[in-house]
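The primary structure of each chain is shown beneath.
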Amino acid sequence: MTVTLIPASVKLAELERIWRDQVAVKLDPAARAGVEAASEMVRKAAEGSEAVYGVNTGFGKLASVKIAPEDTETLQRNLILSHCCGVGEPLDIATTRLMMALKLLSLGRGASGVRWDLIELIEGMLAKGVTPVVPSQGSVGASGDLAPLAHMAAVMIGAGEAHYDGETLPGNEALAKAGLTPVVLGPKEGLALINGTQFSTACALVGLFSAWRNAASSIVTASLSTDAIMGSTAPLVDEIHTLRGHPGQINVARAMRDLMTGSEIRESHREGDTRVQDPYCIRCQPQVTGAAMDLLRFAGQTLEIEANAVTDNPLVLKEDGRIVSGGNFHAEPVAFAADQIALAVAEIGAIAQRRVALMVDPTLSHDLPPFLTPEPGLNSGLMIAEVTTAALMSENKHLANPCSTDSTPTSANQEDHVSMAAHGARRLARMNANLSNILGVELICAAQGVEFRAPLKTSPGLLNVLKSVRADIPTVKEDRYMAPDLAKAAELVSQGALVAAAKLSGFVVGEAA
């Protein structure tokens, strides 16, 4: 199936589908007239005597060097090849495809001056599964994501490397096997391809989508943990949260109330419980995760705007008949959004880890056995699973330190302030993987804890969750090789299985609370 994108109006849900399902995309044909009009303006500028940056001049510090019309094609090809300086592990295929779709959206606004041929080639590559090999390191997030996008553009001109049909091939060979033809770049076209924030934005969007699913899953695991330690639902009453007014907090409290309704465990200790209050990790889940989800929504608004933006340079202003140099390639908004997502991910993990620690500690878990094993001493139970969550929580705290406050001059001080959006966004994949593992361990502990409350049962909604867990992860009755269980639990979290089992609704990325 092919998704048609309308430039300037694509929503987060569409972008998430492109990433998760790796669908083919194409631009609305209505964008073609504007794209070709801008391309014609650039063609005329390239033939003229007036210096226009990136059209008939060198680049960066070399912008004062005038380029003859007959050297235009060589100029653009040299730009791509010289900028293929990425290093490190290649970006995964799904995120690379999202990056390519974002480049289509940007070019489709008709302000970049490229021919429609380039758009058709990117569409063809997405449709036929030709995915450039894009090293993940090398961008400082200003003057665009130059190195990563150059590796994408290299395949388009028959250079570089690409994934195709399960192989990694030279770019020209991959195109040929797919029945596609490389382009010869015209004036400004190489610059339009590599000048932009699409690498950073794609990585940040993937971080957002993964963080949102983790956050929603944490509502489920927190509810199960609350029942496991026989926690109170009084802190979830609606009036508490509406008095404060934050939409994320209100929504999380409502979801937890709904999930825990009908729990025999909860009803068993409404009277006669000597405990006055639960620890914060139980009592303040709506306040913490709700705030994190509000932060994710704000970051999502920024990234949705950026996904639809024109971020190369110079820009073709067709209405005014001008080609103007600016700075839309500076990825500061993306860097800020990535930092916000990182903070949210770290805090969701921090409070979840404390719930894990609570459940394995017999002095705090309200009579659960030490480390949630029926025979402690002979068995260590979930002792080291909790240690693993502590390690991951601490790692995420370090990774959450801001990247946007860093900068260093590049390109002989011409590009003297940069955003560091690229690695700020890239780290989110690692952070989300850590968070999925933390929540996976919480899931195992909470399921174990609820089962120790038998014959009392948890709520119908949480019983559905427990059933989905036990379909893949047996009860821990005695010590066993735990790594596969932890991996499966993390997968249940990251794949959205908990949210589906709980029938959790009202938590869609990009939608208001």
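Definitions and limits used
- Residues numbered from 1 in each chain as written.
- Predicted model: local features only at pLDDT ≥ 70, side-chain atom pairs only at ≥ 80, totals over all residues.
- Heavy atoms only, no water.
- Helix = DSSP H or I, 4+ residues; strand = E, 2+ residues; numbered from the N terminus.
- Rg over C-alpha atoms; globule rule 2.2 N^0.38 Å.
- Buried < 20%, exposed > 50% of the residue type's maximum accessible area, 1.4 Å probe, protein only.
- Areas by Shrake-Rupley, 256 points an atom, 1.4 Å probe, with all protein chains shown as cover.
- Lys, Arg positive; Asp, Glu negative; His and termini not counted.
- Charge placed at Lys NZ, Arg CZ, Asp CG, Glu CD.
- Core = buried A, V, L, I, M, F, W, Y, C linked by side-chain atoms within 4.5 Å.
- Contact = heavy atoms within 4.5 Å.
- Pairing = 2+ DSSP bridges.
- Expected span 1.5 Å × (residues − 1).
- Arc of directions from axis to C-beta.
- Salt bridge = Lys/Arg side-chain N within 4 Å of Asp/Glu carboxyl O.
- Axes fitted to C-alpha atoms, helices over the stretch in contact; angles between N-to-C directions.
- Parallel < 35°, antiparallel > 145°, perpendicular 65-115°, else oblique.
- Left-handed = near helix turned anticlockwise from the far one by under 90°.
- Polar contact = N/O pair within 3.5 Å; in protein donor to acceptor, adjacent residues only side chain to side chain.

A. Fine view of the overall build of the chain. Counting its secondary structure elements, the chain contains 20 helices and 9 strands. Its C-alpha atoms give the chain a radius of gyration of 26 Å, within 12% of the compact-globule value 24 Å for 513 residues. Projected onto its principal axes, the C-alpha coordinates of the chain cover approximately 90 × 50 × 45 Å. Burial status across the chain gives 57% buried among its 513 residues. About 20500 Å² of surface is accessible on the chain, with carbon and sulfur atoms providing 54% of the total. Side chains of the chain give 42 positive and 56 negative charges; the mean places of these two sets differ by 3 Å.

B. Expanded view of unusual backbone geometry. For the bond running from N313 to P314, omega is -5 degrees, close enough to zero to count as cis. By the element assignment, P314 lies in the loop between α14 (285-307) and β8 (315-317). Of the consecutive residues A454 and P455, the connecting peptide bond is found in the cis state with omega at 10 degrees. A positive phi angle, close to 55 degrees, is found at M230, a residue other than glycine.

C. Inspection of the nonpolar core at higher detail. In this structure, L15, V130 and L193 are the most contacted members of the largest nonpolar core, which totals 153 residues. Beyond its immediate stretch of four places on either side in the chain, L15 contacts V10, L98, L102, L105, L205, F209 and A307. Counting residues in each nonpolar core, the second largest holds 7 residues, with A38, A45, V52 and V316 among its members.

D. Local environment of the sheet that holds strand β7 (residues 167-170). One open sheet holds the 3 strands; their spatial order is β4-β6-β7, and the pairing between them is antiparallel. Only two strands of the sheet have a single partner each, and these edge strands are β4 (131-132) and β7. Across 2 bridges, β4 lies against strand β6 (residues 161-164) in antiparallel orientation. In the strand pairing of β6, T131 is matched with H163.

E. How the structure looks around the pairing of β6. Here β6 pairs with β7 via 4 bridges, running antiparallel. Counterpart to H163 in the pairing with β7 is T168. Once β6 ends, the chain turns through 2 residues before running back antiparallel as β7, passing D165 with a positive phi of about 55 degrees.

F. Quick peek at helix α19 (residues 483-494). The end-to-end C-alpha distance of α19 is 17 Å, a good match for the 16 Å that 12 residues give at a rise of 1.5 Å each. By the burial criterion, the buried members of α19 are D485, L486, A489, A490, L492 and V493. Buried residues of α19, viewed axially, fall in a sector of 155 degrees; they line one side. Those residues of α19 that are buried lie in contact with α9 (198-228), α17 (421-451), α18 (460-470) and α20 (497-502). Phi turns positive one or two residues past the end of α19, at G496, with a value near 80 degrees.

G. Local environment of the pattern of salt bridges. Under the criterion given, the structure shown has 22 salt bridges. Residues D485 and R480 are paired through a salt bridge, measuring 2.8 Å at the closest nitrogen-oxygen approach. Taking the relative accessible area as the measure of exposure, D485 reaches 9% and is therefore buried. Residue class for R480 comes out partly exposed when judged on its relative accessible area of 30%. Among the ionic pairs, K488 bridges to E491, the shortest N-O distance being 3.2 Å.

H. Expanded view of the packing of helix α11 (residues 247-260) against α14. Interhelical geometry of α11 versus α14 gives an angle of 125 degrees and a closest axis separation of 7 Å. Comparing their axes, α14 and α11 come out oblique. For the pair α11 and α14, the crossing hand works out as right-handed. For the pair α11 and α14, contact is made by P247, G248, Q249, N251, V252, A253 and M256 and by Q285, P286, Q287, T289, G290, M293, D294 and R297, respectively.

I. Here's a closer look at the packing of α14 against helix α15 (residues 332-360). Contact geometry for α14 and α15: axes closest at 9 Å, N-to-C directions at 160 degrees. As judged from the angle between their axes, α14 and α15 are roughly antiparallel. The handedness of the crossing between α14 and α15 comes out as left-handed. For the pair formed by α14 and α15, the contact residues are Q285, V288, T289, A292, L295, L296, F298, A299, T302, L303 and E306 on the first element and P333, V334, A337, Q340, I341, L343, A344, E347, I348, I351 and R355 on the second.

J. Representation of helix α5 (residues 116-128) within the structure. An ideal rise of 1.5 Å per residue puts 18 Å on 13 residues; α5 measures up with 18 Å between its terminal C-alpha atoms. Every buried residue of α5 is listed here: W116, L118, I119, L121, I122, E123, G124, M125 and L126.

K. View of the environment of L62. Looking at the secondary structure, you find L62 in the loop between α2 (32-47) and α3 (72-83). Judged by relative accessible area, L62 falls into the exposed class, the value being 54%. Separated by 352 residues in sequence, L62 and Q414 have C-alpha atoms that sit 9.7 Å apart.

L. Up close: the side chain of R453. Within the secondary structure layout, R453 lies in the loop between α17 and α18. Although buried, R453 forms no salt bridge, and the nearest oppositely charged side chain, D367, lies 5.5 Å from it. There is a polar contact of 3.0 Å between the side chain of R453 and the backbone oxygen of S365. Residues in contact with R453, not counting those within four places in the same chain, are A228, I229, M230, I265, S365, H366, D367 and L368.

Purely geometric stuff here, so don't read any function into it on its own.
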